[in-house]
Amino acid sequence: MMATLLVGLLLLVALYFALRHVVRNLREGKEDCCGGCPGCHGGCNSCHPHA
Amino acid sequence: MSTLAVALTGNPNTGKSTIFNELTGARQKIGNWPGVTVDKKVGYTRYKDRAISVVDLPGTYSVNARSPEEKIVMDFLLNNKLDLVVDVVDSSNIERNLFLTVQLLEQGIPLLIDLNMQDDAKRRGIRIDTKKFEQVLGMPVVETVGRSKKSTRRLLDVFTSTVMAQYEPSNLVKEHIRKVEAIRANGRSEAEQQEELAEARYALIDKVMDYAVDIGNVGPSRSEKIDHYLANGALALPIFLLILYGVFQITFTWIGQPIADFLDDAINTDFLDFMTGFLTEAGVADWLVSLVCDGIIAGVGAVLTFVPLIFVLFFCLSFLDGTGYMARIAFIMDPIMRRCGLTGKGIMPLMMGFGCGVPAIMGARALDSEKDRMVSILITPFLTCGAKLPIMALFAAMFFPDNAANIVFAMYILGVVMAIIVAKGLGATMFKDKGSTFLLELPPYRMPDMKSVLLETWDKGKGYLVKAGTIIFAASVLLWVMSNYNFSGPCEIEDSILATLGDWMSKLFTLQGFDTWEAGAAILSGIMAKETVVATIGILYGAGDVSTEAEDAADTASTMMQTSMATAFTSLSAFAFMVFSQLYTPCVTALGTIKKEAGGWKWVGFSAVYQFAIAWVVSLLVYQVGRLLGF
Amino acid sequence: MTLKDGKTGMKVKVLEIGDSALKNRLMTMGLIPGTQVKVLRSAPLGDPIAIGIRSYNLALRREDAAKIQVAQVG
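This is a predicted model, so every value here is computed, not measured.

J.: What is the right way to read the environment of Ser483 of chain B from this model?
T.: Residues and elements named next belong to chain B. Structurally, Ser483 can be placed in helix α20 (residues 450–484). The spacing of Ser483 and Thr500 is 17 residues in sequence and 9.5 Å in space, taken between C-alpha atoms. Leave out the neighbours within four places in its chain, and Ser483 touches Ile493, Ser496, Leu498, Ile539 and Leu540. At 3.4 Å, the side chain of Ser483 forms a polar contact with the side chain of Asn484.

J.: Looking at this structure, how should I read the interface of chain B and chain C?
T.: Interfaces are often described in size by the accessible area the parts lose on coming together. Of the residues lining the interface, 45 residues belong to chain B; the matching set on chain C comes to 31 residues. Both sides together, the interface formed by chain B and chain C hides about 3300 Å², and carbon and sulfur atoms give 58% of it. The interface formed by chain B and chain C holds 7 salt bridges in total. For Arg338 of chain B, the salt bridge is made with Glu63 of chain C, and the minimal N-O distance between the two is 2.5 Å. For the pair chain B and chain C, the interface holds 11 residue pairs in polar contact (both at pLDDT 80 or more). Elements that contribute at least two residues to the side of chain B that touches chain C include exactly α3 (94–106), α8 (190–212), α9 (222–230), α10 (236–254), α14 (325–339) and β10 (439–442) of chain B. Per element, the largest residue contribution to the side of chain B that touches chain C is 7 residues, and it comes from α8 of chain B. Here the residues of the side of chain B that touches chain C sort into 19 nonpolar, 12 polar and 14 charged. Bridge analysis of β10 of chain B against strand β4 (residues 56–60) of chain C gives 4 bridges, and the strand direction is antiparallel.

J.: Can you help me understand the packing of aromatic side chains in this one?
T.: All names here are of chain B. Counted by the stated rule, this structure contains 24 aromatic pairs over all chains. Consider the rings of Phe395 and Phe569, whose centres lie 5.2 Å apart with planes at 90 degrees: the pair is edge-to-face. Of this pair, Phe395 sits in helix α18 (residues 389–399) while Phe569 sits in the loop between α24 (553–565) and α25 (571–583), and the two are 174 residues apart along the sequence. Measuring from ring centre to ring centre gives 4.8 Å for Phe509 and Phe580, while their planes differ by 70 degrees; the resulting arrangement is edge-to-face. You can see Phe509 sitting in the loop between α21 (497–506) and α22 (517–526) and its partner Phe580 sitting in helix α25, a full 71 residues away along the chain. Each member of the pair, Phe509 together with Phe580, is buried. Between the NZ or CZ atom of Lys132 and the centre of the ring of Tyr211, over which it lies, the distance is 5.4 Å. For Arg328, the ring lying beneath its charged end belongs to Tyr445, and the centroid distance is 4.1 Å.

J.: What exactly am I supposed to notice about the nonpolar core here?
T.: Here is a general trend for soluble globular proteins: nonpolar side chains tend to be buried in one another's company. Residues and elements named next belong to chain B. By size, the foremost hydrophobic cluster in this structure holds 134 residues, and its most contacted members are Ile379, Phe382, Phe395, Phe514, Ile537, Phe569 and Phe577. Non-local contacts of Phe577, meaning those with residues more than four positions away in its chain, are made with Ile391, Phe395, Phe514, Ala519, Ala522, Ile523, Val533, Ile537 and Phe569. Grouped together as the second largest cluster of nonpolar side chains are 66 residues, Val89, Leu105, Ala121 and Leu204 included.

Calculation rules
Residues numbered from 1 in each chain as written. Chains lettered and ligands numbered in written order. Predicted model: local features only at pLDDT ≥ 70, side-chain atom pairs only at ≥ 80, totals over all residues. Heavy atoms only, no water. Helix = DSSP H or I, 4+ residues; strand = E, 2+ residues; numbered from the N terminus. Contact = heavy atoms within 4.5 Å. Polar contact = N/O pair within 3.5 Å; in protein donor to acceptor, adjacent residues only side chain to side chain. Buried area = accessible area lost by both parts, 1.4 Å probe. Salt bridge = Lys/Arg side-chain N within 4 Å of Asp/Glu carboxyl O. Nonpolar A, V, L, I, M, F, W, Y, C, P; charged D, E, K, R; others polar. Pairing = 2+ DSSP bridges. Phe/Tyr/Trp six-rings, centres within 6.5 Å; stacked < 30°, edge-to-face > 60°. Buried < 20%, exposed > 50% of the residue type's maximum accessible area, 1.4 Å probe, protein only. Lys NZ or Arg CZ within 6 Å of the ring centre and 35° of its normal. Core = buried A, V, L, I, M, F, W, Y, C linked by side-chain atoms within 4.5 Å.

See the structure below:
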């Protein structure tokens, strides 16, 4: 019983942070997703081929 | 003392990012520029008791506000009180680089000119007299050679000294500024003024070059010799294909896959067994053990297994980019891309699409014409992104164990071919009479700086890990709940909400041979994020099969899944499923990006519907023709 | 002649850049009347072409090169 409660609580906390991250991303229009950006040396969003 | 505010600017390909990384190390913060999705990188460091903040501005050739990047640079430099702006110049390409320098000088910005890549310049016989250079511009000049502690210290010494105050623009520069003001006031059209300004700037640059730079005659450069083979002649195209195939082999055969197999074993067998045992032992309720093991570990684990593949692929792409070969790909492929209704430059964002469609769609904004941009945005999602790769890798390994790499390669080709067909179609119909342009610098070949390549690989692969820990984690929990409950409480998986939804979805795929509710559920969840296709399959087929462990440890994981999936798919229907997954509706994130970049829900709807339709038709053809042929 | 007619290895001088959507960008990249240009190579399928200007290499399409008037200097 104790163990169930503990693991359950842990899971809820983890889930809270995970969902918060997802919601924040949505709200700020950000995405974690990144690609092999061959056009630039910047971070993942600054992809822009040259010239 | 207050923090010293420094900004780095310069052309693309000048080693600016390497200098930024050297200056600030790991203390970097990545944010967004207001209003646009371009990364804003700020780093912090301390030197001689002075706190220093460094902003890495996007690399641009000029500041004419033609692109979002140019606008960002201009706005930032004009609206912020900076103590110092470092203009990173590629010394081996100093003439063209000075165009930006001159433009910045015209704005009266406190410039420190960093003559970077001195070693390259010397090798090419370009000798710059730093003293004369300082004199002729009236700005401090520092020589650097990319990654070296000495270079970094030299820059920091200037940052923290007060030498800046001693400099003022030379008479030559002052005269140029007067000329620029006269041109701006002459009342001609904007375009004419811009041309006159360009001429005036290069006139000044010619004078600077005459005075301070000596260009020796050293014959064709190393790059030109390499280009003789890689960008010219009959071998160029075969070599390109060979390099592409090499990247593939490295990812799927030589390095990526073996690590992935190892990880698969570690997570989906050893760790799973350990957790099941541990939680049961500790007296955790059965349903919670199931949620953790069959839900979260199976779901997140299925995605994590493919992390090595993603990182190896990103590493290869970053490495190729660092060498300067990407520009050659655009160069040799332009006529082919044009025949497909695209431009050679479009190949660069498209190659990003093999990592992830999102930056690829955003990368399309660098294309010059409206037509090139729109077509590129709309065809990008057909490519095999890093999140679709696990689907292909999993199905290929299970149903085509002897030909796995070739089958995955075939899927990549399919994506490319569909992209081409659709590009042609769009070019001939919706974007008919809009032209496209092509103008591209061919930077010299360089041995990429390993630290930068690794940093970049990490930057890009990191997103995949973060996703596994957040959205995939949450989705796994949701999927577990949906597959273990219905509206009247706990139930068998066949009666669950997920089964009902999946069943409803699968009705669409009776002609494609994968009309099981599990496949339907996987496809449905894939619209959220493509990784969840594999996560769903991991949960649905992995659950309850732990007892069928094989003796051979290395095969345990795949055997476990094979036993329950083998009945659900034939190799032909598995192939049809792969084809469908390759082509159907992009994930929510990609759709969101399409809305931003293409401008409007119209294109989101279009993209979602036409891709689903195409995927449906092609997978149907594959299955039915395959059956006729007796597969 | 125009830049399009340049043969590999030929050195030319820019006389005039004809009006086109690219004109402004070509000038930003350093193609100004009077600039020396070396024709380097064409891509395996004949188009685009690579030129050397101001000690760097630039690629452009033949149809755009055809709008650039040049004179041979060596």
